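These are the residues of each chain, in order.
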Amino acid sequence: MTDLPTLPSEQDAPTIPMIGAGMQRVESVLKVTGQARYAYEMDAASLGAQADPLVGVMVLSTIARGRITSIDSATARNMPGVRLVLTCDNAPPQAPWGPLVARDRFARAQPVLRGPDVHYYGEPVALVVADSLERARAAAMAVNVQYEAASHAVLLDPATATEPEFLNGFKPAHTDHGDFDTALARSAIRVEAVYETPHQNHAQMEPHATTALWQGDRLVLHTSAQNLVSIQMGIAATLQISPHRVQVISPYVGGGFGGKLPYFADAILAALAARALGKPVKVGMTRTQMFSATTHRTATRQALCIGADRTGRLCAISHDALSHCASFDNFVEDTTTITRGLYRADAIRTTAHLNHLDLPRSDSMRSPGDAVGMIGLECAMDELAHELGIDPVELRLLNDTPTDLTAHKPFSSRHLRQCLEEGARRFEWGARNPQPGQVREGEWLIGMGMACAMRYNLLKPCQALAHLDAGANLTVQLAMTDPGTGTQTILTQIAAGVMGLPPAQVHVQMGDTAYPPAPGSGGSFGAESAGSAVLRACENLRTRLLEAGLRDEHSPLHGQAMESAHLDAGSLHAGGRHESLVAFMERTFPQGAQAHGEITADPDSLKWSQASFGAHFTEVAVNAITGETRVRRMLGVFACGRILNSRTARSQLLGGMIWGVSNALHEENMPDPRTGQFIAHDLANYHIATHADMPEMEVVMIAEDEPVSNPLHIKGLGEVGICGAPAAIGNAIFNATGIRARRFPITPDRLLPHLPEMTI
């Protein structure tokens, strides 16, 4: 690659006091004391209404595909306290679904109770509204829905797969770098394998819920959501009203993980019922309803082919991934993204295939595409290392690359090599026995495994408003959300650092479309997008204040040079002089002062590929009698640009690694082919990692500067922690047992038939 753009200097990164410090979450006391009010907890006082909201309970379909032939709701309508029963027979008009081809799929119209056709098991077919939850639930059980079932398909089937033209409307489904067939033909060693990952379901601590209130012709929605502006657009499109007549409010979100980027039937049904009744209505999903009436991560079938010469240099990589979307949707899990840019190879080919199934919609779940795609890629790399007789770390170091080959761009920052080397040193990787099944402790087989981590970086347009009152109290507003990631805290740190104020004098107001637009939390773009907008707003406000101070004849700073002016410790400083910010504001801006800030991607930054990187190392013990796997220790080493808050950053990376254990050993769901219903539909049957499953865990963040992505010089880290973690565990199981598990999760029943006989 020639004519590479020039990287900015690391010295261009702004120096902001407090950035990097592990400050405690600013909202923690409100949450642990129950003062943080969530969407379903809105009452008359908080809504400004005369009465508490009525309660809606959804009725869900019990077939996977077919038609409603009749709905008998007479009994339900006559039950005590019932105010309304909505069905497809009396639901108000709504816009049709879609459009399918949309750059923002979360802003599409999503009508509910749109007709007699049933598209999946668990689709809402009625809503009962009553004056209490108990009465609404009892009446919902009395609604009698009759169906004419049709044949359905709910299992992945390569024979019926199609290749979409685009991924999610605009990304190519097929990519090619180099001549794959020629490169593969000259490979001395090749690995070909198929890896399977299961359906996975969201089960956030806070279930999906909405409280709706109409104020004249304006709709106010309190809902649990990650992405307010897109949801505002989508709900307005569905109800066929102006977005300016829809206000979406979500100051607290009890977990998101991508599952609250879309909006769901609870929001639309609450809005329709509230308009019909002229009263506020709240609709919340039960845990069981969340397993079918929301989105999930699709199962995948991944065919990998990797060829290399005998020294270990990669010649060719092919990654073909099959996933599913709902029969009426077009979402494609972008499973092959990381394969396009993680390693150097003469040729790289990726392809996506799709089954349209009679299942609920699949969509984003923590690190969509990458979390499952890196299982296939990193397990295949481990298989190649074994075939070559090369250490897995050395194989990856040998094929490190400064350029993103398929994107034809250099990486702006890439410290994968440092992550691998530091991880190997800390984990004492050199002590690993490369021969599988050789290390035993009684009936336990011991093994070590590793995998790389990568997640592409993204900045989205965002705006913020900063207002300083006469008492030097700063308020920052933007329509950002915080689903538990610590966003409100890091924005407080940025604002306090720029304005030279203690955090106690900074109040970040979020979660309301009445504030300046923000992209929300998701895709690891939240911190850099919202943080950069807040940075710009506070910088603009700081400049305004300092310029006014230097012009003010009554200020001791009058006439000093702007180059020496700054804010610190609640005062204006310049030329060795200073003045209290409170005194200055009371005299100069008695009504307060404010400034806007905005961020969009710098066109020059698009000349570079931007990504976060990391390396996972694990040690497992596999019981040769029972097939049980226990992860004994894990290490994750990550390079994610400058770190805004060491405490919340570690929490995010650690959470991803924990989820990696869950993906590797526990978490899966599958549809019953007879009914189309997911077999696990509550937390009693959907297995996830618990405290007892978690090993000794260590997170290391190496020093790194990201010079082009954003003015804060940071990169996203909310999702890179899960990428590669399940593969590292799978590779460790192979080292322990010699069993190459290619179907995840790796449960005891998948190991038992292949475990070696042992004499204890």
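First, a word on what this report is: a plain description of the structure on this page. Note that the coordinates shown come from a computational prediction; the quantities given were computed from them, not determined experimentally. (Residues numbered from 1 in each chain as written. Predicted model: local features only at pLDDT ≥ 70, side-chain atom pairs only at ≥ 80, totals over all residues. Heavy atoms only, no water.)

Some points on the overall build of the protein
Argument step 1. Of regular secondary structure, the protein possesses 17 helices and 33 strands.
Argument step 2. By the compact-globule yardstick of 27 Å for 760 residues, the protein fits well, its C-alpha radius of gyration being 27 Å.
Argument step 3. Expressed as a percentage of contacts within the protein between residues at least 6 apart in sequence, the contacts between residues at least 24 apart total 81%.
Argument step 4. Looking at the protein as shown, the accessible area adds up to about 28600 Å², and 50% of this sits on carbon and sulfur atoms.
Argument step 5. Side-chain charges in the protein split into 61 positive and 78 negative, and the spacing between the mean points of these groups amounts to 2 Å. (Helix = DSSP H or I, 4+ residues; strand = E, 2+ residues; numbered from the N terminus. Rg over C-alpha atoms; globule rule 2.2 N^0.38 Å. Contact = heavy atoms within 4.5 Å. Areas by Shrake-Rupley, 256 points an atom, 1.4 Å probe, with all protein chains shown as cover. Lys, Arg positive; Asp, Glu negative; His and termini not counted. Charge placed at Lys NZ, Arg CZ, Asp CG, Glu CD.)

Here's the deal with the sheet that holds strand β5 (residues 124–130)
Argument step 1. Pairing within the open sheet is mixed, and its seven strands lie in the order β3-β5-β1-β15-β12-β13-β14. The sheet terminates laterally at β3 (82–87) and β14 (246–249), the two strands that pair on one side only. Neighbour to neighbour, the strand axes of the sheet diverge by 20 degrees on average, direction disregarded.
Argument step 2. The pairing of β3 with β5 spans five bridges and is classified as antiparallel. If you follow Thr87 over to β5, its bridge partner there is Ala126. (Pairing = 2+ DSSP bridges. Axes fitted to C-alpha atoms, helices over the stretch in contact; angles between N-to-C directions.)

Remarks on helix α9 (residues 370–388)
Argument step 1. Given a rise of 1.5 Å per residue, 19 residues ought to cover 27 Å, and the 26 Å separating the end C-alpha atoms of α9 matches this to within 8%.
Argument step 2. A large share of α9 lies buried, amounting to 17 of its 19 residues. (Expected span 1.5 Å × (residues − 1). Buried < 20%, exposed > 50% of the residue type's maximum accessible area, 1.4 Å probe, protein only.)

Digging into the pattern of salt bridges
Opposite charge on two side chains permits them to pair, given that their charged atoms come into close proximity.
Argument step 1. Under the defined criterion, the tally for this structure stands at 40 salt bridges.
Argument step 2. For the salt bridge of Asp346 with Arg186, the shortest nitrogen-to-oxygen distance reads 3.0 Å. Here the residue Asp346 occupies a position in the loop between β18 (314–326) and β19 (347–357), and Arg186 occupies one in the loop between α5 (180–185) and β10 (189–197), the gap between them amounting to 160 residues.
Argument step 3. The exposure class of Arg186 is partly exposed, given its relative accessible area of 48%.
Argument step 4. With its nearest N and O atoms 3.0 Å apart, the salt bridge here joins Asp382 to Arg740. Placement of Asp382 in helix α9 and of Arg740 in the loop between α16 (725–737) and α17 (748–751) is noted, with a sequence separation of 358 residues between them. Each member of the pair Asp382 and Arg740 is classed as buried.
Argument step 5. Several salt bridges share partner residues, and in doing so they unite Asp382, Glu383, Arg740 and Arg742 into one network. (Salt bridge = Lys/Arg side-chain N within 4 Å of Asp/Glu carboxyl O.)

What about the packing of aromatic side chains?
Argument step 1. As enumerated under the stated definition, the model contains nine aromatic pairs in all.
Argument step 2. Relative to Phe617, the ring of Trp429 has its centre 5.6 Å away and its plane inclined at 70 degrees; by these criteria the two rings are edge-to-face. Note that Trp429 is positioned in the loop between α11 (416–427) and β22 (440–441) and Phe617 in strand β31 (residues 611–623), a separation of 188 residues in sequence. The pair Trp429 / Phe617 is uniform in exposure class, with both members buried.
Argument step 3. An aromatic cluster is defined as three or more aromatic residues linked by ring pairs; in this entry it consists of Trp97, Tyr120 and Phe328.
Argument step 4. A cation over an aromatic ring shows up here: Lys282 above the ring of Tyr40, its NZ or CZ 4.3 Å from the ring centre. (Phe/Tyr/Trp six-rings, centres within 6.5 Å; stacked < 30°, edge-to-face > 60°. Lys NZ or Arg CZ within 6 Å of the ring centre and 35° of its normal.)

Description of the sheet that holds strand β32 (residues 629–639)
Argument step 1. A sheet is described by the order of its strands in space; here five strands give the open sequence β22-β23-β31-β32-β33, paired in mixed fashion. At either end of the open sheet lies a strand with only one pairing partner, and these are β22 and β33 (696–701).
Argument step 2. Direction of pairing for β22 relative to strand β23 (residues 444–456): antiparallel, over a ladder of two bridges. Among the inter-strand pairings, Glu441 is bridged to a residue of β23, identified as Trp444.
Argument step 3. Lying over the sheet, α11 contacts β23, β31, β32 and β33, oriented at roughly 30 degrees with respect to β31.

So, empty space enclosed by the protein
Argument step 1. With the rule as written, the count across this model stands at three cavities of 30 Å³ or more.
Argument step 2. Quantified by volume, the largest cavity comes out at close to 290 Å³.
Argument step 3. If you trace the largest cavity, you find 24 residues lining it, with Pro111, Val112, Tyr120, Glu123 and Pro124 closest to the centre.
Argument step 4. At the level of secondary structure, the elements contributing two or more residues to the lining of the largest cavity comprise β5 and α8 (287–293).
Argument step 5. Estimates place the volume of the second largest cavity at around 60 Å³.
Argument step 6. Along its surface, the second largest cavity is lined by His208, Ala209, Thr223, Ser224, Ala225, Ile231, Pro262, Tyr263, Phe264, Asp266 and Ala267. (1 Å grid on protein atoms, 1.4 Å probe; cavity = no way out; pocket = protein on both sides within 12 Å on 5 of 7 lines; lining within 4 Å. Points joined across faces, edges and corners; volume = space filled by probe spheres on them.)

Section: the pairing of β19
Argument step 1. By the criterion of burial, β19 is predominantly enclosed, with eight of the eleven residues buried.
Argument step 2. Of the strand pairs in this sheet, strand β9 (residues 174–177) and β19 are connected by four bridges, and their pairing is antiparallel. What sits directly across from His177, in β19, is Ile348.

Some details on helix α7 (residues 265–277)
Argument step 1. For α7, built from 13 residues, the straight-helix expectation of 18 Å at 1.5 Å per residue is met to within 8% by its first-to-last C-alpha distance of 18 Å.
Argument step 2. Looking one or two residues beyond α7, the residue adopting positive phi is Gly278, at roughly 70 degrees.

Digging into the nonpolar core
Argument step 1. Counting residues in each nonpolar core, the largest one holds 88 residues, and the members touching the most others are Leu314, Leu342, Leu384 and Phe617.
Argument step 2. Tallying contributions element by element places α9 first for this core, with ten residues.
Argument step 3. Ignoring sequence-local partners within four residues, the contact set of Leu342 consists of Met374, Leu377, Glu378, Thr401, Arg414, Leu416, Cys452, Met454 and Phe613.
Argument step 4. Among the nonpolar cores identified, the runner-up in size contains 50 residues, and Ile494, Val508, Ala574 and Phe584 belong to it. (Core = buried A, V, L, I, M, F, W, Y, C linked by side-chain atoms within 4.5 Å.)

Considering unusual backbone geometry
Argument step 1. That bond from Gly98 to Pro99 is cis: its omega, 10 degrees, falls within 30 degrees of zero.
Argument step 2. Checked against the element boundaries, Pro99 lands in the loop between β3 and β4 (117–118).
Argument step 3. Following Phe744, the chain continues into Pro745 via a peptide bond in cis, with omega recorded as 0 degrees.
Argument step 4. Look at Gln240: it is not a glycine, yet its phi comes out positive at around 60 degrees.
Argument step 5. Within the element layout of this structure, Gln240 appears in the loop between α6 (228–239) and β14.
Argument step 6. The backbone phi angle of Ser524 is positive, close to 60 degrees, even though this residue is not glycine.
Argument step 7. With respect to the helices and strands, the residue Ser524 is situated in the loop between β26 (506–509) and α13 (526–551).

Considerations on the pairing of strand β24 (residues 462–468)
Argument step 1. Burial runs high along β24: five of the seven residues are buried.
Argument step 2. In this sheet, strand β25 (residues 474–477) lies alongside β24 in antiparallel orientation, the contact comprising four bridges. Residue pairing across strands places Leu468 opposite Leu474, the latter belonging to β25.
Argument step 3. From the end of β24 to the start of β25, which pair antiparallel, there are five residues, and Ala472 there has a positive phi angle of about 65 degrees.

Here's the deal with the side chain of Arg432
Argument step 1. Position of Arg432 among the secondary structure elements: in the loop between α11 and β22.
Argument step 2. A distance of 3.3 Å separates the side chain of Arg432 from the backbone oxygen of Met448, its partner in a polar contact.
Argument step 3. When sequence neighbours within four positions are dropped, the list of residues in contact with Arg432 reads Asp391, Pro392, Met448 and Asn735. (Polar contact = N/O pair within 3.5 Å; in protein donor to acceptor, adjacent residues only side chain to side chain.)

A closer look at the packing of α6 against α7
Argument step 1. Remark: α6 packs on α7, axes separated minimally by 11 Å, with the N-to-C direction vectors making an angle of 50 degrees. The angle between α6 and α7 falls in the class oblique. Relative to α7, the crossing made by α6 is right-handed. Counting all contacts with α6, which are made through Ile235, Thr238 and Leu239, the residues of α7 involved are Ala267, Ile268, Ala271, Leu272 and Arg275.
Argument step 2. Among the residues making up the contact of α6 with α7, the classes are represented as six nonpolar, one polar and one charged. (Parallel < 35°, antiparallel > 145°, perpendicular 65-115°, else oblique. Left-handed = near helix turned anticlockwise from the far one by under 90°. Nonpolar A, V, L, I, M, F, W, Y, C, P; charged D, E, K, R; others polar.)

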